[in-house]
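# Observations on the three-dimensional arrangement
Each chain, written out:
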Amino acid sequence: MEQQQQLQRSSSGSPSPRSQSSQPYLSVSVTEPVKLGNGVQAYISYRVITKTNLPEYQGHEKIVIRRYSDFVWLRDRLFHKFKGVFIPPLPEKSAVEKFRFSAEFIETRRQGLDIFVNRIASHQELQSTEDLRNFLQADEETMERLRSQETGIFKTKPADLMQFFKDAQSKVSDIVLGKEKPVEESNLEYEKLKHYIFELENHLAEVQNHAYRLVKRHRELGQSLSDFSKAVKLLGACEGDALGKAFSELGTKSEALSVKLQKEAHLLLMNFEEPLKDYVRAVQSIKATIAERANVFRHQCELAETMKLKEINLDKLMLTRSYKMGEAEHEYKEAMENEEATRGFETIVRLMNEEIVRFQEQKTLDMGIAFHEFAKGQARLANSIADAWRSLLPKLEACSTQ
C-alpha cells in the first residue's frame with residue numbers, strides 16, 4: 001500500500017524532500033485520520049504534513065490539522081480563481097451514514113485527499129498561490145475564519161457545490177447534444193476536445209464499474225471460501241483417519257485462501273478501482289471547466305454586441321449633436337472597460353490547451369501504474385490459489401484411491 005501511495009505521489013510530479021537541497025521541492029502528506037465529535041456533528045480530521053525549501057513557506061516542515069471542508073474550501077477557491085485550469089477533483093463524501101466512518105472508506109478518502117493536494121502542490125499555475133499556502137500553514141482558527149469570510153459561491157456547502165458542478169456538466173452536455181442552441185465558438189480543436197472528454201468519461205466509467213464488480217466478486221468468493229472452510233472442517237471432524245485429516249487440511253487451506261482473497265480485494269479497491277474513480281471525477285472537473293469556457297465566450301459575444309450597438313448609438317447622437325451624447329459616451333467607455341475584462345477568454349483557451357496535454361501525460365502514467373498493479377495482484381492471487389490446491393492434491397488423491 002505504501003509503495004502504491006509513493007508511486008502515486010511521485011506520478012503527481014511532486015519532488016522528493018530527499019532531493020538535493022538546492023532543488024526546490026514541495027511535498028505534502030495527508031495522514032492519521034481521526035474521528036472527532038459524535039452523532040451528526042462527527043467528522044474526520046487529518047494531519048497535513050508539508051515539507052519544502054521554498055522561501056515563501058514558514059520553515060522546512062509544517063504540520064496542521066485539516067478536515068474535509070478545508071479541502072473543499074481550497075478546491076472551491078482555485079476553481080473560481082483559475083479559469084481554464086483543470087483543478088484536481090476531491091474524493092466524494094459518503095452519503096450513507098453506516099459507511100461514513102468505516103475504516104476502508106476513511107482510508108480511501110485519505111488517499112484521495114493526499115493525491116488531490118499533491119497534484120495542486122506540483123501544478124505550475126497553482127503551487128505558488130496564497131490559498132495553498134494558507135491551507136498548508138494556517139492554524140485551525142485562521143482556517144476557520146477564512147472559510148467563514150467567504151461569500152457567494154465560495155460559501156456554498158459541499159453538497160451544493162457538487163450540484164453546481166453537476167449543473168455545469170449538464171449544461172455543457174446539453175450544448176454538445178444540441179438541446180440548447182446558445183452562441184458558441186466554432187473551433188475544430190475545441191470540438192475535438194469536447195468529444196474526447198465525453199468519450200473518455202463514458203469509457204472510464206464503464207471500466208470503473210467493472211473494477212467495482214471485480215472487487216465485489218473477490219470479496220464474495222472469499223466469504224464463500226470462509227463458509228466452506230467451516231463446513232468442511234466439521235465434516236472432517238465426523239470422519240476418522242486419513243479422510244478426516246484431508247478434510248481438515250482442505251478447510252485450513254480454504255480459510256487461508258479466504259484471507260488472501262479479502263486482502264487482494266482491498267488492494268484491488270485501493271490500487272485499481274479508486275484510481276479509475278478518481279479519473280472519472282477528474283473528467284467531470286474538466287467538463288465544468290469546459291462549461292466555464294462556454295459561459296465566458298457567450299459573455300464576450302454579448303458584450304461585443306453591446307459595444308457595437310452603443311457605438312452606433314453614439315455615432316447617431318454625434319451627428320445630431322444631441323444633449324444625450326455625454327451619457328452615451330460614458331456608457332460606451334464603460335462597455336469598453338467590460339470588453340477589456342473579457343479578454344481573459346484568450347487566457348482560458350491557452351491554459352486549456354496546455355492543461356489537456358498535461359492531463360493526458362499524467363493519465364498515461366497513472367493508468368499505467370493502476371493496470372500494472374491490477375495485473376500483478378491477479379497474478380499473485382492466481383499463484384497463491386494454484387499453490388494451495390496443488391499442495392492438497394496428493395492427500396486427496398490418496399483418499400480417493402483407497
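These numbers were taken from a predicted model, which means no experiment stands behind them. (Residues numbered from 1 in each chain as written. Predicted model: local features only at pLDDT ≥ 70, side-chain atom pairs only at ≥ 80, totals over all residues. Heavy atoms only, no water.)

### Considering the overall build of the chain
Worth spelling out the cut-off: Each helix is a run of H or I in the DSSP string that is no shorter than four residues. Each strand is a run of E no shorter than two, and both are numbered from the N terminus. Under the scheme applied here, a residue whose accessible area is under 20% of the maximum for its type counts as buried, over 50% as exposed, and between as partly exposed, the area being computed with a 1.4 Å probe on protein chains only. Any two residues whose heavy atoms approach within 4.5 Å at even a single point are treated as in contact. Areas reported as accessible are Shrake-Rupley estimates using a 1.4 Å probe. Residue values count occlusion only from the protein chains shown.
A tally of regular secondary structure across the chain gives 11 helices and three strands. Order of helices (α) and strands (β) in the chain, N terminus to C terminus: α-β-β-β-α-α-α-α-α-α-α-α-α-α. In the chain, which comprises 402 residues, the share counted as buried stands at 43%. Of the contacts formed within the chain by residues at least 6 apart in sequence, a portion of 72% connects residues at least 24 apart. When the accessible surface of the chain is totalled, it reaches about 22,200 Å², and 54% of it is carbon and sulfur.

### Overview of the pattern of salt bridges
This is how it is decided: Salt bridges are defined by distance alone: a side-chain nitrogen of Lys or Arg within 4 Å of a carboxyl oxygen of Asp or Glu.
Enumeration over the complete set of coordinates arrives at 22 salt bridges. Between R281 and D278 there is a salt bridge; the shortest N-O distance is 3.8 Å. Taken together, the positions of R281 and D278, both in helix α9 (residues 241–320) and three residues apart, correspond to about one turn of that helix. Residues R281 and D278 agree in their burial class; the two are buried. One connected set of salt bridges, linked through shared partners, spans E92, R119, D278, R281 and D366.

### Considerations on the nonpolar core
Our working rule: Only buried residues count toward a nonpolar core. Its members are Ala, Val, Leu, Ile, Met, Phe, Trp, Tyr and Cys residues joined through side-chain atoms within 4.5 Å.
Ranked by size, the top nonpolar core spans 34 residues in total, and within it V48, F71, L74, V117, L132, F135 and L136 carry the most contacts. The element contributing the most residues to this core is helix α2 (residues 68–81), with seven residues. Contact partners of F135, with chain neighbours within four places excluded, come to V48, V64, R66, D70, F71, W73, L74, V117 and M143. Counting 27 residues, the second-largest nonpolar core is a separate cluster that includes F86, Y279, A294 and M352.

### Quick look at the packing of aromatic side chains
Applicable threshold: Two aromatic rings from Phe, Tyr or Trp, using only the six-membered ring of Trp, form a pair when their centres are within 6.5 Å; if the ring planes differ by under 30 degrees the pair is stacked, by over 60 it is edge-to-face, and anything between is tilted. The rule for a charge over a ring is simple: NZ of Lys or CZ of Arg within 6 Å of the ring centre, and within 35 degrees of the ring normal.
Counted under the stated rule, the structure contains seven aromatic pairs. Taking 6.2 Å as the distance between ring centres and 85° as the angle between the ring planes, the aromatic pair formed by Y46 and F71 counts as edge-to-face. With a gap of 25 residues between them, Y46 in strand β2 (residues 43–52) and F71 in helix α2 connect regions that are remote in the sequence. With respect to class, Y46 is no different from F71; both count as buried. Ring geometry for F272 against F371: centres 5.0 Å apart, planes inclined by 85°, an arrangement best described as edge-to-face. On the criterion of sequence distance, the pair formed by F272 in helix α9 and F371 in helix α11 (residues 344–400) is long-range, its members being 99 residues apart. Residue classification places F272 among the buried residues on the basis of a relative accessible area of 4%. Here the aromatic residues Y46, F71, F116 and F135 are joined through ring pairs into a cluster of three or more. Of note, R66 hangs over the ring of F135, and the distance from its end group to the ring centre comes to 5.6 Å.

### A short note on the side chain of D131
Considering the arrangement of structural elements, one finds D131 in helix α5 (residues 130–137). The contact partners of D131, leaving out residues within four places of it in the chain, are W73, L74, R77 and K81.

### As for the environment of W389
Mapping W389 onto the fold places it in helix α11. Overall, the relative accessible area of 30% leaves W389 in the partly exposed class. As for W389 and L257, which are separated by 132 residues in sequence, their C-alpha atoms are 9.7 Å apart. For W389, the contacting residues outside a window of four places in its chain are L225, L250, S254 and L257.

### Digging into the sheet that holds strand β1 (residues 26–36)
The strands making up a sheet are joined through hydrogen bonds of the backbone, oriented either antiparallel or parallel. To be explicit about the condition: Between any two strands, pairing holds if DSSP finds at least two bridges. Working convention: axes come from line fits to C-alpha atoms, limited for helices to the stretch in contact. Angles between N-to-C directions cover 0 to 180 degrees.
Taken in spatial order, the three strands of this open sheet run β1-β2-β3, and their pairing is antiparallel. This sheet does not close on itself; its edge strands, each paired only once, are β1 and β3 (61–67). Each adjacent strand pair in this sheet contributes to an overall mean axis angle of 20°, direction not counted. Across the sheet, helix α4 (residues 103–121) lies against β1 and β2, angled at about 150° from β1, the strand it touches most.

### Considering the pairing of β1
If a strand is regular, its side chains alternate between the two faces of the sheet. As paired elements, β1 and β2 share nine bridges and run antiparallel to each other. Bridging across to β2, V30 finds its partner in V48.

### As for the packing of α2 against α5
Definition in use: Convention used here: angles under 35 degrees read as roughly parallel, angles over 145 as roughly antiparallel, angles from 65 to 115 as roughly perpendicular, and any remaining angle as oblique. Amino acids outside the nonpolar list (Ala, Val, Leu, Ile, Met, Phe, Trp, Tyr, Cys, Pro) and the charged list (Asp, Glu, Lys, Arg) are all regarded as polar, and Gly is one of them.
Two elements in contact, α2 and α5, have axes separated by 10 Å at closest approach and are oriented at 170°. Here α2 is positioned roughly antiparallel relative to α5, judged by the angle of their axes. On the side of α2, the interface is formed by D70, F71, W73, L74, R77 and K81, while α5 contributes D131, L132, N134 and F135. Here the contact of α2 with α5 is built from residues that sort into five nonpolar, one polar and four charged.

### Things to note about a negative patch on the surface
To be explicit about the condition: Each patch is assembled from residues with relative accessible area greater than 30% and no salt bridge, linking like charges that lie within 9 Å and nonpolar side chains (Val, Leu, Ile, Met, Phe, Trp, Tyr) that lie within 5 Å. Positive residues here are Lys and Arg, negative ones are Asp and Glu, while His and the chain termini are left out of the count. For charged residues, the charge sits on one atom: NZ in Lys, CZ in Arg, CG in Asp, CD in Glu.
A grouping of D139, E140, E141 and E144 is seen on the molecular surface, where their side chains present a negatively charged patch. Within the secondary structure, D139 sits in the loop between α5 and α6 (140–148). For D139, a relative accessible area of 45% gives the class partly exposed.

### Considerations on the confidence of the model for the chain
Applicable threshold: Confidence of the prediction at every residue is given by pLDDT, a number between 0 and 100.
When pLDDT is averaged along the chain, the result is 81; 75% of the residues meet or exceed 70. Note on residues 1–15: pLDDT under 50 across the span, and 38 contacts to partners over four residues away in sequence or across chains.

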